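# What the coordinates show
For reference, the chains in residue letters:
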2 protein chains.
Amino acid sequence: MTSRKSIAARQDLAREGEKPTGMYLILEGWAMRCRQRADGSRQILAILLPGDLAIDPPHRPLNHAICSLTQVRYGLIPHPHFGEDTSELPEFMAALWRRQLETASIQLEWIANNGRSAYERIAHFLCETYARARCCGLASGNECEFPLTQQDLASVTGLTSVHVNRTLQHMRKDGLIELHGKRLVLLKPDGLGQAATFDAAYLRWPPAARALVA
Amino acid sequence: MTSRKSIAARQDLAREGEKPTGMYLILEGWAMRCRQRADGSRQILAILLPGDLAIDPPHRPLNHAICSLTQVRYGLIPHPHFGEDTSELPEFMAALWRRQLETASIQLEWIANNGRSAYERIAHFLCETYARARCCGLASGNECEFPLTQQDLASVTGLTSVHVNRTLQHMRKDGLIELHGKRLVLLKPDGLGQAATFDAAYLRWPPAARALVA
DNA sequence: CGAAGACTTGAAAATCATCAAAACGAGTGG
DNA sequence: CCACTCGTTTTGATGATTTTCAAGTCTTCG
């Protein structure tokens, strides 16, 4: 890793238009891929948790930004080199490849959001995010840190914050969740999963990232 | 490549629940990733054109099917092996890696659909698909083959076929497209691109696939 | 305490879904 | 060539979902 940096909440790790010089490895805190739209609204394209890598094509301007949600510690790892004279460790390449396949699986699941209702979308995102947070050791019991505002949830799901608010109230009335003060509690994980048709199988959690962090 | 196969239109190359034994390389024809939902409706998660690779985590059941849209010729390539004793060609690995990054870029773009209106979604899909088809040599002038029905378009965009129909009529009235008989014409590519806020930069087209096919 | 951001609420309007039926088109067999 | 069928496209009417706008309340934090 070339460097380790720290950055405050709600700042850019990389801006739209920049050409990434490496892969961003999140060491601590929450980050996201975030696109600014012409009308000023934002669209969140991915959530990055500790251990996650933001890998983008090298030498190409990003068409979105990579931003912190909370304070973030991160590292910038040079892009791997696959040429004849590669000096990369094979197990590093293997970990990277698995990671990328996992990322693709998560992205497919987000694409499936297009066919889901507001309630399903939000429920699915909460299930996924909780599961991922849990695997980074960020959850205890049925509870985890959750630094997204309802506005952020709206940017994730492509809904308005007003509708997110009402849908969350609906979920609370259904006794599925608690959500306040940057903290999420799954009161009925199974019920929520059912509402979201959530099946965690697409989430694999090899501790590849830990090898990279070490 | 272990084998080359041919399959009729609207058949499964791989079914949900199967564990893929390799990567599906499309040689000819159109294919898709397709999820069957509980209520019977389908959701199209990706379109696969000649030269495209469907790569999934090995040894894990697919949570969706890979199906043909038209008649398809394809090959099944063993998953790459990254161990110490890897026997893969470095340029093969490099091509594979670039391919996967490209796929991730396209997927991010589809995720952005969550924040788009029906008109934008459809316009964006048409732009992207035309651009990709063009790069496979499947387009001439502003015209290309387009084997998706309006029902398929609905499955891609997460809309109903009725609404897709009305939106297409709207586009025709705007003089942007012609679409009938499995053929798409972009009458005003720029106008359509503008309506979709489409920027082709995320599509890179290294002829990597050709190296794989050869 | 004050200010800024986040959350909540209500009413009206736009978008999109649902249901049902009709028109169109391509292919098949008589 | 015609009649028939099947899938696709088109149309209309109605209803649900979601957005928009605007205002109010609640938290958090300096």
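Residues numbered from 1 in each chain as written. Chains lettered and ligands numbered in written order. Predicted model: local features only at pLDDT ≥ 70, side-chain atom pairs only at ≥ 80, totals over all residues. Heavy atoms only, no water.

Moving on, we come to the packing of aromatic side chains. With the rule as written, the count across this model stands at 11 aromatic pairs over all chains. Taking the centre distance of 5.9 Å and the plane angle of 40 degrees together, the rings of Tyr24 of chain B and Tyr74 of chain B count as tilted. Separated by 50 residues along the polypeptide, Tyr24 of chain B in strand S3 (residues 23-28) and Tyr74 of chain B in strand S8 (residues 72-77) bring together distant segments of the chain. Here Tyr24 of chain B matches Tyr74 of chain B in class, with each residue buried. Here the aromatic rings of Phe125 of chain B and Phe146 of chain B are separated by 6.3 Å at their centres, their planes lie at 75 degrees, and the arrangement is edge-to-face. In this pair, Phe125 of chain B is assigned in helix H2 (residues 118-135) and Phe146 of chain B in the loop between strand S10 (143-145) and helix H3 (150-157), connecting sequence segments 21 residues apart. For the pair Phe125 of chain B and Phe146 of chain B, a shared accessibility class is recorded, and that class is buried. The rings of Trp30, Trp110, Phe125 and Phe146 of chain A are connected pair by pair, giving a single aromatic cluster. (Phe/Tyr/Trp six-rings, centres within 6.5 Å; stacked < 30°, edge-to-face > 60°. Helix = DSSP H or I, 4+ residues; strand = E, 2+ residues; numbered from the N terminus. Buried < 20%, exposed > 50% of the residue type's maximum accessible area, 1.4 Å probe, protein only.)

Attention now moves to the sheet that holds S8 of chain B. All names here are of chain B. Overall, antiparallel pairing links the four strands, which are arranged S1-S8-S3-S6 in an open sheet. Looking at the sheet topology across the chains shown, the edges are occupied by strand S1 (3-7) and strand S6 (53-54). With two bridges joining them, S3 and S6 adopt antiparallel strand pairing. If you follow Tyr24 over to S6, its bridge partner there is Ala54. (Pairing = 2+ DSSP bridges.)

With that settled, the discussion passes to the interface of chain A and chain B. With 43 residues of chain A in contact, the opposing surface of chain B contributes 43 residues. For the pair chain A and chain B, the summed buried surface comes to about 3800 Å²; carbon and sulfur atoms form 60% of the total. Ranking the residues of chain A by area buried against chain B places Phe82, Trp97 and Asn114 of chain A at the top, with a combined share of 21%. The interface formed by chain A and chain B holds four salt bridges in total. Viewed at the interface, chain B and chain A are joined by six residue pairs in polar contact (both at pLDDT 80 or more). Secondary-structure elements contributing two or more residues to the side of chain A that touches chain B are strand S4 (31-36), strand S5 (42-48), helix H1 (90-111) and helix H2 (118-135) of chain A. It is H1 of chain A that contributes the most residues to the side of chain A that touches chain B, 15 residues altogether. Of the residues that constitute the side of chain A that touches chain B, the class distribution is 19 nonpolar, 12 polar and 12 charged. (Contact = heavy atoms within 4.5 Å. Buried area = accessible area lost by both parts, 1.4 Å probe. Salt bridge = Lys/Arg side-chain N within 4 Å of Asp/Glu carboxyl O. Polar contact = N/O pair within 3.5 Å; in protein donor to acceptor, adjacent residues only side chain to side chain. Nonpolar A, V, L, I, M, F, W, Y, C, P; charged D, E, K, R; others polar.)

In this section: the relation of the copies chain A and chain B. Take chain A, turn it by 180 degrees, move it 0.0 Å along the axis, and it overlays chain B with an RMSD of 0.0 Å. Those values place the two copies in the arrangement expected of a two-fold rotation axis. Relative to the rotation axis, the C-alpha of Ile111 of chain A is the closest in chain A, positioned 2.5 Å from it. Comparing interface residues between copies, 100% of those in chain A also lie at the interface in chain B; the contact surface is shared. (Least-squares fit on C-alpha atoms with pLDDT ≥ 70 in both.)

Okay, the domain arrangement of chain A next. Residues and elements named next belong to chain A. When cut into domains, chain A gives domain 1 (3-111 + 206-213) and domain 2 (117-202). For domain 1 versus domain 2, the distance between C-alpha centres works out to 23 Å. Contacts between domain 1 and domain 2 engage 17 residues on the former and 18 residues on the latter. Buried surface at the junction of domain 1 and domain 2, both sides included, amounts to about 1600 Å², of which 62% is carbon and sulfur. The partner of Arg42 in a salt bridge is Asp152, and the shortest N-O contact between them spans 3.4 Å. For the side of domain 1 that touches domain 2, the secondary structure elements donating two or more residues are S5 and H1. (Domains from an automatic or database assignment.)

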